[in-house]
Amino acid sequence: MPIDKVFRIIGELYVYGRVDFSDFSRILVSVKKDYLVVEKKIMESESSVTLYHGTNTVVKNPEIRVFGYNKDFGFGFYCTRFERQAQRWAISKRNPHIVCVYEYTPDSDLSVKVFPEMTDEWLDFVASCRHGENHSYDIVEGPMADDEVWDYVEDFLAGRISREAFWALAKFKHPTHQILFCTDRALKTLNFKSYYQL
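Scoring rules and cut-offs
Residues numbered from 1 in each chain as written. Predicted model: local features only at pLDDT ≥ 70, side-chain atom pairs only at ≥ 80, totals over all residues. Heavy atoms only, no water. Salt bridge = Lys/Arg side-chain N within 4 Å of Asp/Glu carboxyl O. Helix = DSSP H or I, 4+ residues; strand = E, 2+ residues; numbered from the N terminus. Buried < 20%, exposed > 50% of the residue type's maximum accessible area, 1.4 Å probe, protein only. Pairing = 2+ DSSP bridges. Axes fitted to C-alpha atoms, helices over the stretch in contact; angles between N-to-C directions. Core = buried A, V, L, I, M, F, W, Y, C linked by side-chain atoms within 4.5 Å. Contact = heavy atoms within 4.5 Å. Parallel < 35°, antiparallel > 145°, perpendicular 65-115°, else oblique.

1. A look at the pattern of salt bridges
- Per the stated rule, a full pass over the model turns up six salt bridges.
- The partner of Asp-72 in a salt bridge is Arg-130, and the shortest N-O contact between them spans 2.7 Å. You can see Asp-72 sitting in the loop between β1 (49–55) and β2 (77–79) and its partner Arg-130 sitting in helix α4 (residues 120–130), a full 58 residues away along the chain. This pair shows no difference in class: Asp-72 is buried, exactly as Arg-130 is.

And the structure:
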């Protein structure tokens, strides 16, 4: 069952009074923890991984482009393991809405930073990248700070909420995933497979 459907069902149980808040919190944390463990084992066992990129054009030959606003992990080419997330990215663009599919083959010679989940280290890294600071990694992988989470990040950076308050707000967000290819060497690990239009 897709993880977002699991979270929706749990949320409905809470809304309709089938579980109280303490149970709701415990279940969400447990489900998320189990999900991350399974996801990590899958990543470690696969020699190649299917990735998705949501856009408005077919991207057979990805490039490193530096433009627009600062992003979670810096500039480069962003993909995700979650097809539905890529579909949401595509829908956010102007027509046509396209999802490109790639095969990613990890290369141990590359400098790779992986954040299995949101942590203080992840928060500090995202904050520095969003402020335009550079890093030396070829690939960075981890959760995504969507608009709602980024609002919490900005509140934390501005001193409006504490680090503890940030985690209290962010921990109930459904899992997200992004992987950034930061260098031309990193892009060589991607092989375009297909695309489809929504």
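That was the structure; now back to the text.
2. Some remarks on the sheet that holds strand β4 (residues 112–114)
- Read from one edge of the open sheet, four strands run β2-β6-β5-β4, paired in mixed fashion. Lying at the two open borders of the sheet, with one neighbouring strand each, are β2 and β4. Between one strand and the next, the sheet's axes are offset by a mean angle of 15°, whatever the strand orientation.
- Across three bridges, the pairing between β4 and strand β5 (residues 139–142) is parallel. Within the sheet, the bridge partner assigned to Val-112 lies in β5 and is Ile-139.

3. Things to note about the nonpolar core
- Counting residues in hydrophobic clusters, the biggest one holds 20 residues, and the most contacted among them are Phe-73, Trp-122, Val-149 and Phe-166.
- Elements represented by at least two residues in this core include exactly α4, α5 (147–157) and α6 (163–170).

4. Re the sheet that holds β1
- As summarised here, the arrangement of the three strands in space is β1-β3-β7, forming an open sheet in which the pairing is antiparallel. At either margin of the open sheet sits one strand with a lone partner, and together these are β1 and β7 (190–197). Strand after strand, the sheet turns through a mean of 25° between neighbouring axes, direction not considered.
- Sheet topology note: the β1/strand β3 (residues 98–104) ladder contains seven bridges and is antiparallel. For His-53, the partnering residue across the bridge sits in β3 and is Cys-100.
- Against the sheet, helix α3 (residues 83–91) contacts β1, β3 and β7, and its axis sits at roughly 15° relative to β1.

5. Quick word on the packing of α4 against α6
- Contact geometry for α4 and α6: axes closest at 12 Å, N-to-C directions at 100°. Accordingly, the angle class assigned to the pair α4 and α6 is roughly perpendicular. Contacts between α4 and α6 involve Asp-120, Trp-122, Leu-123 and Asp-124 on the former and, on the latter, Arg-163, Phe-166 and Trp-167.

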